[in-house]
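Coordinate analysis (summary)
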Amino acid sequence: MSKHLTVGVLALQGAFHEHIKLLTQASASFAIDGDVRWRFVEVRTPVELDACNALIIPGGESTTVSLVAARTGLLEPLRDFVKAKRRPTWGTCAGLILLAESANKTKKGGQELIGGLDVRVNRNYFGRQTESFEAPLDLAFLQKARTDVESSETTRPFNGIFIRAPAVERLLPSVPGEQKGEAAVEGTVIAPSKGPTTPVNQVEIMATIPGRSNALRAKLEALRLEDEAGDIVAVRQGNVFGTSFHPELTKDARIHFWWLKSVMEAVDAGQDSLDISSAI
Amino acid sequence: MTSSKPSASTNDPTKFTIKSGLAKMLKGGVIMDVINAEQARIAEEAGACAVMALERVPADIRAQGGVARMSDPHMIKEIMDTVTIPVMAKARIGHFVECQILEALGVDYIDESEVLTPADTVHHVEKHPFKVPFVCGCRNLGEALRRIDEGAAMIRTKGEAGTGDVVEAVKHIRTVSSEINRASGMSDMELRVFAKELNAPFHLLKETAEQGRLPVVNFAAGGVATPADAALMMQLGCDGVFVGSGIFKSGDATKRARAIVEAVTHFRDPKILAEVSSGIGEAMVGLNVEKMPNGERLAGRGW
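Quick notes on the rules
Residues numbered from 1 in each chain as written. Chains lettered and ligands numbered in written order. Predicted model: local features only at pLDDT ≥ 70, side-chain atom pairs only at ≥ 80, totals over all residues. Heavy atoms only, no water. Contact = heavy atoms within 4.5 Å. Buried area = accessible area lost by both parts, 1.4 Å probe. Salt bridge = Lys/Arg side-chain N within 4 Å of Asp/Glu carboxyl O. Helix = DSSP H or I, 4+ residues; strand = E, 2+ residues; numbered from the N terminus. Buried < 20%, exposed > 50% of the residue type's maximum accessible area, 1.4 Å probe, protein only. Polar contact = N/O pair within 3.5 Å; in protein donor to acceptor, adjacent residues only side chain to side chain. Core = buried A, V, L, I, M, F, W, Y, C linked by side-chain atoms within 4.5 Å. UniProt positions renumbered as here; feature names shortened; annotations may be inferred. Pairing = 2+ DSSP bridges. Axes fitted to C-alpha atoms, helices over the stretch in contact; angles between N-to-C directions. Left-handed = near helix turned anticlockwise from the far one by under 90°. Nonpolar A, V, L, I, M, F, W, Y, C, P; charged D, E, K, R; others polar. Parallel < 35°, antiparallel > 145°, perpendicular 65-115°, else oblique.

**Quick notes on the interface of chain B and chain A**
- Contact with chain B, which involves 42 residues of that partner, is made by 44 residues of chain A.
- Around 3,400 Å² of area is buried between chain B and chain A when both sides are counted, 53% of it from carbon and sulfur atoms.
- Scanning the region where chain B abuts chain A turns up 5 salt bridges.
- Here B:Lys27 makes a salt bridge to A:Glu18, at a shortest N to O gap of 2.7 Å.

**What to know about the pattern of salt bridges**
- Under the defined criterion, the tally for this structure stands at 39 salt bridges over all chains.
- A salt bridge links A:Lys107 to B:Glu45, with the nearest nitrogen and oxygen atoms 2.6 Å apart. With A:Lys107 in the loop between strand E5 (100-104) and strand E6 (117-122) and B:Glu45 in helix H2 (residues 37-46), this pair bridges two chains.
- With its nearest N and O atoms 3.0 Å apart, the salt bridge here joins B:Glu45 to B:Arg41. Of the two residues, B:Glu45 and B:Arg41 both sit in helix H2, 4 residues apart, roughly one turn of that helix.
- Among the residues examined, B:Glu45 registers a relative accessible area of 29% and is labelled partly exposed.
- The structure contains a network of salt bridges with shared partners spanning A:Glu76, A:Arg79, A:Glu112 and A:Lys194.

**Concerning helix H6 (residues 141-150) of chain B**
Residue and element names in this part refer to chain B.
- The buried count for H6 comes to 9 of 10 residues, which makes it a mostly enclosed element.
- Residues Leu141, Gly142, Glu143, Ala144, Leu145, Arg146, Arg147, Ile148 and Glu150 constitute the buried set of H6.
- For H6, the secondary structure elements touched by its buried residues are strand E5 (134-138), strand E6 (154-158), helix H7 (167-184), helix H8 (188-198) and helix H9 (202-211).
- Of the residues that open H6, the one with a side-chain oxygen 3.3 Å from the backbone nitrogen of Gly142 is Asn140.
- In the segment just after H6, Gly151 is the residue with positive phi, at about 120°.

**Section: the nonpolar core**
- Counting residues in hydrophobic clusters, the biggest one holds 90 residues, and the most contacted among them are B:Met32, B:Ile79, B:Leu102, B:Val107 and B:Met233.
- It is helix H12 (residues 253-265) of chain B that provides the largest number of residues to this core, a total of 7 residues.
- If we ignore the near neighbours within four places in the chain, the residues touching B:Ile79 are B:Val34, B:Ile35, B:Asn36, B:Ala37, B:Ala40, B:Val51, B:Ala53 and B:Val87.
- Among the nonpolar cores identified, the runner-up in size contains 45 residues, and A:Ala15, B:Ile180, B:Leu205 and B:Val217 belong to it.

**Points about unusual backbone geometry**
Residues and elements named next belong to chain A.
- Positive phi outside glycine occurs at Arg86, with the angle close to 55°.
- Classification of Arg86 as buried rests on a relative accessible area of 14%.
- Unlike most non-glycine residues, Arg164 shows phi in positive territory, near 45°.
- The topology assignment puts Arg164 in the loop between strand E8 (158-162) and strand E9 (167-171).
- Assessed through its relative accessible area of 7%, Arg164 is described here as buried.

**Focus: the UniProt feature "active site" (unreviewed entry) in chain B**
Residues and elements named next belong to chain B.
- When the UniProt feature table is mapped onto this chain numbering, "active site" (unreviewed entry) sits at Lys90.
- Within the fold, Lys90 resides in strand E3 (residues 87-92).
- In this structure Lys90 comes out as buried when scored by relative accessible area, which is 7%.
- A polar contact is formed between the side chain of Lys90 and the side chain of Asp111, at a distance of 2.9 Å.

**Notes on the sheet that holds E3(B)**
All names here are of chain B.
- Taken in spatial order, the 8 strands line up as E1-E2-E3-E4-E5-E6-E7-E8 and close into a barrel, and their pairing is parallel. Between one strand and the next, the sheet's axes are offset by a mean angle of 30°, whatever the strand orientation.
- The strands touched by helix H4 (residues 73-82) are strand E1 (30-34), strand E2 (50-53) and E3; relative to E2, the strand with the most contacts, the crossing angle is about 165°.

**What to know about the environment of B:Val57**
All names here are of chain B.
- Locating Val57 in the fold gives a position in the loop between E2 and helix H3 (58-64).
- Residue classification places Val57 among the buried positions, given a relative accessible area of 6%.
- Taking C-alpha positions, Val57 is 19 Å from Gly240, a pair spaced 183 residues apart along the chain.
- Ignoring any residue separated from it by four or fewer positions in sequence, one finds Val57 in contact with Asp33, Ile35, Ser245 and Lys249.

**A few points about the packing of H6(B) against H9(B)**
Residue and element names in this part refer to chain B.
- Orientation of H6 relative to H9, taken along the N-to-C sense of each, is 115°, at an axis distance of 10 Å. H6 and H9 meet at a crossing whose hand is right-handed. Along the contact surface, H6 presents Leu141, Leu145, Ile148 and Asp149, while H9 presents His203, Leu204, Leu205 and Thr208.
- When its residues are assigned to classes, the contact of H6 with H9 shows 5 nonpolar, 2 polar and 1 charged.

**Considerations on the packing of H7(B) against H8(B)**
Residues and elements named next belong to chain B.
- One way to put it is that H7 packs onto H8 with a least axis distance of 10 Å and a crossing angle of 155°. With respect to their mutual orientation, H7 and H8 come out roughly antiparallel. As H7 packs across H8, the resulting crossing turns out to be right-handed. Residue-level contacts link Glu179, Arg182 and Ala183 of H7 to Leu191, Phe194, Glu197 and Leu198 of H8.
- Of the residues that constitute the contact of H7 with H8, the class distribution is 4 nonpolar, no polar and 3 charged.

Laid out in structure tokens, this is it:
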């Protein structure tokens, strides 16, 4: 008997189509396992979200996505999905900003966050478009993802594409509810509380950027509020994963494959409250 | 290869991924013309995915006449300092020094635009050497591919700017789509002939035929005045929408801007379109393109 899993990509604005393409490409590698049937869908409404076992929040403009989500009554269902049900969710770039419990350098008057990751994200950490860049990333977690392929496949660097990208500026203590300490920091917005009240896992650093140019580094030093977490570009906390770069702009499906595997594991471990049979 | 193929780029594939990548992040969004920081804030709060900073919206350029040029850098800078979303600015066709200035200012995208008075009647700006990405207009596939060949990382199908009449935008996206459909069924030999007919580079035409779409993001621009216009352009295959005079020349800019943003997200849902189209005030008055003499049409600029 094969299992049906539905993965949604939030399609309010941004590069959602690119994620669906790479998910489809990644899922082809599962064919040999034969026990999962994947369905990838665009999500624009609470009903569509409710049918999903897992969700990707793509790159785009985080203010646009957050405003449209708020106006169409999707913000609370999203918080419920990520923070109460703890269903697997991955945010890229704008998605990472929305999944942060705390963010700064947001638009005037702040912006609504979904939350789920106990981190503070600096929204325009790497600057404007003319400062956008590509950098090879060593992603240790990919090496554990598959053992059935040649080693170069798992060890070669991943091409990180950073476009007006954010970065994780600070890891926050894992607390239930909202990050009250962060609310007091000037120019910072926080996500509102949404059960569960028991603390979840600690935040893991999944990738950092090494070897940045000295000029840029000096500039970043000046901007940086916290030393500890300068160039963190991927984090995970339980079922919630965030990257400040754009795997969806490459043709490399390794991260998508790894993430789909983790979705499967989360569903198998029953961390997910969705009745699998109803999602077919 | 880990990176995307150097699609559409002839010179520097690395840079091109970054340039065309930002356009991909704008997809499904609305880019709004604004003439000052206050309007930029209204656009940002409405959910615009970017703003286009310019001194006069096309409707005013049309009404006032005279030479339309790049905007005052001070005004552009003020808008950049006010909003956190990407800021675009327009340069005249062929005016590469205006482009150099805009790049030095740090704008996120340059629009080499027919809405301004052209500075060169033969050449467009050579866009590959710039670090900042460019968006350019087109009326047909050949024009789109010539612009991409010069380095444009994003295309907009030209409507007749400043009119509030969507007819030209529809005509041009239909032209582009039908030419792509024709190309998709062709052999290499046929594509070579078609490339000559379109006056377009063969390799870009082939890439387009293989993908079944333009190799870069394509927005609609010009003549969009209502949420229904915006959704129409999306259903016709555009990746997003530029709205110029349509917002700040209407009765209630805030409401209209929000409605158009929601219409672009939910472009296939007529119920939501009905909802967002309700009670948003007067649309801009508009000019009927059909009755306009050819000399007053802007979309024909570009070579």
